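An overview of the molecular structure
This is what each chain is made of:
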Amino acid sequence: MVGQILAGEEVEVNDTATYDNGTGVIPSYLCEPVFADVNNYKELLIDSGYYKEEDLQ
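Keep in mind it's a predicted model, so treat the numbers as computed, not measured. Throughout, a residue's number is its position along its own chain's written sequence, starting from 1. Under the rules for a predicted model, residues below a pLDDT of 70 receive no local features and side-chain atom pairs below 80 are neither given nor counted, while totals for whole chains, interfaces and linings still include all residues. Processing note: side-chain calculations cover all non-hydrogen atoms of the structure and skip hydrogens and water entirely.

**Describing a nonpolar patch on the surface**
Convention followed: What goes into a patch is any residue over 30% in relative accessible area without a salt bridge, connected to like charges within 9 Å or, for nonpolar side chains (Val, Leu, Ile, Met, Phe, Trp, Tyr), within 5 Å. Computed with the Shrake-Rupley method and a 1.4 Å probe, the accessible areas treat only the protein chains shown as cover for residues. For this document, the term salt bridge refers to a Lys or Arg side-chain nitrogen within 4 Å of an Asp or Glu carboxyl oxygen. Secondary structure elements are taken from DSSP: a helix is a run of H or I of four residues or more, a strand is a run of E of two residues or more, and numbering for both begins at the N terminus.
Nonpolar side chains collect at one region of the surface, where Met1, Ile5, Val13 and Tyr29 lie side by side and expose about 380 Å² of accessible area between them. Within the secondary structure layout, Ile5 lies in helix α1 (residues 2-6).

Written out as structure tokens, the structure reads:
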């Protein structure tokens, strides 16, 4: 989103109804929560490139 804003592009949103900050409904991009545990942390955190394995030791 930040990249889209800085480039002056239209920002991708997936919710235009639920986030009301008191001044009106704010278009938002809602992320689906994903929990990392011993069974899936490698796929989520390392294989995705978000972390290197040595970062988690």
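Structure's up, so let's keep going.
**Observations regarding the packing of aromatic side chains**
Stated formally: Here the aromatic set is Phe, Tyr and Trp, taking the six-membered ring for Trp, and pairing holds for ring centres within 6.5 Å; pairs whose planes are under 30 degrees apart are stacked, those over 60 apart are edge-to-face, and all others are tilted. Think of it in three bands: with a 1.4 Å probe and only protein chains considered, a residue is buried below 20% of the maximum accessible area for its type, exposed above 50%, and partly exposed in between.
Inspection of the entire model under this criterion finds one aromatic pair. Pairing Tyr50 with Tyr51 gives two aromatic rings, centres 5.0 Å apart and planes at 80 degrees, and the pair type is edge-to-face. Exposure remark for Tyr51: the relative accessible area of 34% places this residue in the partly exposed category.

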